[in-house]
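# Architecture and fold: a report
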Amino acid sequence: MTKLTGENFVGIERSAKGSATFFAENPANKHPLEPFFHEATKEEINRAVEKAESAFLQFGKSSGEQRAILLETIADEIKALGDTLIKRASEESGLPIGRITGERGRTMGQLKLFASVAREGSWVDARIDHAQPDRTPMPKVDIRSMERPLGPVGIFGASNFPLAFSVAGGDTASAIAAGCTVVAKAHPAHPGTCELIASAITTAIQKCNMPDGTFSLLHGTSHEVGMAIVKHPLIKAVGFTGSLGGGKALFDAAQQRPEPIPVYAEMGSTNPVFVLPKALANKGKEIAEGLAGSVTLGVGQFCTNPGLVIHETSPDGDSFDIAVANSMSEKEAGTMLTEGIQNNYQKGVASMLNEIGVKSGSTGKPAGQGYQGIPHVLHIQSEYFLENAKLEEEVFGPSTLIVKAKDKEELRKIAQSLGGHLTATIFAEADELSEYSDLIDILQRKVGRVIINNFPTGVEVCHSMVHGGPFPATTNSRSTSVGTKAITRFSRPVCYQNFPDGLLPEELQEGNPMGITRMEN
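In this text the structure is predicted, and so the values were computed from the model without any measurement.

Parameters and conventions
- Residues numbered from 1 in each chain as written.
- Predicted model: local features only at pLDDT ≥ 70, side-chain atom pairs only at ≥ 80, totals over all residues.
- Heavy atoms only, no water.
- Pairing = 2+ DSSP bridges.
- Helix = DSSP H or I, 4+ residues; strand = E, 2+ residues; numbered from the N terminus.
- Axes fitted to C-alpha atoms, helices over the stretch in contact; angles between N-to-C directions.
- Contact = heavy atoms within 4.5 Å.
- Parallel < 35°, antiparallel > 145°, perpendicular 65-115°, else oblique.
- Left-handed = near helix turned anticlockwise from the far one by under 90°.
- Nonpolar A, V, L, I, M, F, W, Y, C, P; charged D, E, K, R; others polar.
- Polar contact = N/O pair within 3.5 Å; in protein donor to acceptor, adjacent residues only side chain to side chain.
- Buried < 20%, exposed > 50% of the residue type's maximum accessible area, 1.4 Å probe, protein only.
- Arc of directions from axis to C-beta.

On to the sheet that holds strand β12 (residues 273–275), then. As summarised here, the arrangement of the seven strands in space is β15-β17-β18-β13-β12-β19-β20, forming an open sheet in which the pairing is mixed. A single partner strand is all that each edge strand has here, and the edge strands are β15 (359–363) and β20 (449–452). Pairs of neighbouring strands in the sheet enclose a mean axial angle of 20°, with direction left out of account. Where β12 meets strand β13 (residues 308–312), three bridges bridge the pair, whose relative direction is parallel. Its bridge partner lying in β13, V275 is registered against H311. With respect to the sheet, helix α11 (residues 339–353) is in contact with β15, β17 (376–381) and β18 (399–405), its orientation differing from that of β17 by roughly 30°. Along the sheet, helix α13 (residues 408–417) makes contact with β12, β13 and β18, crossing β13 at roughly 155°.

The subject of this paragraph is the packing of helix α2 (residues 64–80) against helix α5 (residues 170–178). Relative to each other, α2 and α5 sit at 155°, their axes nearing to 9 Å. By the angle between their axes, α2 is roughly antiparallel relative to α5. As for the relative orientation of α2 and α5, their crossing is right-handed in sense. Of the residues in α5, those touching α2 at R67, L70, L71 and I74 are A173, I176, A177 and A178. Looking at the contact of α2 with α5 residue by residue, the class counts come to seven nonpolar, no polar and one charged.

Note on placement: N8 falls in strand β1 (residues 8–10). Polar contacts involving the side chain of N8 include one to the main-chain amide nitrogen of H219, which spans 2.6 Å. Leaving out residues up to four positions away in the same chain, N8 has contacts with E13, R14, S15, H38, E39, A40, E44, L217, L218 and H219.

This part covers helix α7 (residues 223–231). The complete set of buried residues in α7 reads V225, G226, I229 and V230. Each buried residue of α7 sits inside an arc of 130° when the element is viewed along its axis, so together they form one side. Residues of α7 that are exposed and angled more than 90 degrees away from the buried face: H223, E224 and K231. In this structure, the buried side of α7 is in contact with α1 (42–59), β7 (153–156), β8 (182–185), β9 (215–218), β10 (237–241) and α8 (244–255).

So far we have only geometry, and geometry alone does not tell us how the molecule works.
Okay, structure coming up:
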């Protein structure tokens, strides 16, 4: 059984030099959880980043096969933690054992998926243009290019996925697959879980004979630790999942550096759902029940929670609203991840109810102790919604706002007014999709994922997934934080001109020794 120490990981070295300490808390009963954890000092942060830079000189040149073996070994070491990890993650998050067990499987699956991408190798986008010395009027030299790892990167763990979006989550998996070293910032809501995962990663690093500094983990409740990572001149990119305020602060700090760096911040979304007239008429009750389930899944603490629903005013629309209210009233409150998240949720619902035109539809049933999130469904007419952009902002928790449009044109106007989101959903009968094709045209410019007749909760980890979107959903709509395309967040293209074949990376050598897919001439 792995014993928690509350220390930071400066490479493979354990360190606890800071005098500032904190406890984790069980949100289900508000009890503190031992041990206390040491906030990283400036010295520890600097040593972690400097070790990452030193390790990158070797790790950045490792083969895809070597990185694949490391990722697979990390997955194996996470599994070896057994019930110790499951129990601690559940205690720190308030999430049920079944959810944590499933999330562990997803985390291991992500690591193995990125291992397969690193091993196969074609992700580097190798491009080759052979020399043409006899070309007129000017000869052409040999030019080749491919993606290369950026260097040390900073990764921030998320509150709502203590495994899959945290220390060994998708950001870390994609960064290691690309060949980057990682300095991870543990989320203070689940530091014990982070320490256990960090122990698995460092054990894997040692088993695979990777350099000390390939991975570090730093604790801290203050903003100073995270900012020190972002501002360190050796850090070359940042991955973050969390609030708009937190992500924007990191992005702004990164752009103000002498050398600005990319920040891939996924910052949440209200994920608008459009229910078209024929779908309301034929499947209104079914959609209403599914909506209530989606809104309250995980106590609404998913970035893909459908927090905004739009339909046209009609008797079928009224019946739909009643069905949603009835379904939501049967949902029980659940434990939210932290006291701060619960406070922000309650303030967000209260703030919406204070806005002109917003009315309460129904609430769920209070239940249990701890930091409970009570489900809410709210209503507003479209003219009020269009006058108040604030109502589009995410309220992180189990609530949704139903907007009633006067007609098709106003529904289209609402879609046009939206900012950036992660997803947008359309519920429609097959024959009305062509009638509303302009709605699809609008929404695909607003989001990273357009969905027909499915709810947005649940993000498949696969090659084609895009979990991103225009600002304010993310700071970079050209990327994704889920799926194998995420690997290119932590790489950049490098061109090799007139190189002898033996000096080229294997991916670009003339004989294609790795057998990868390449673009030639």
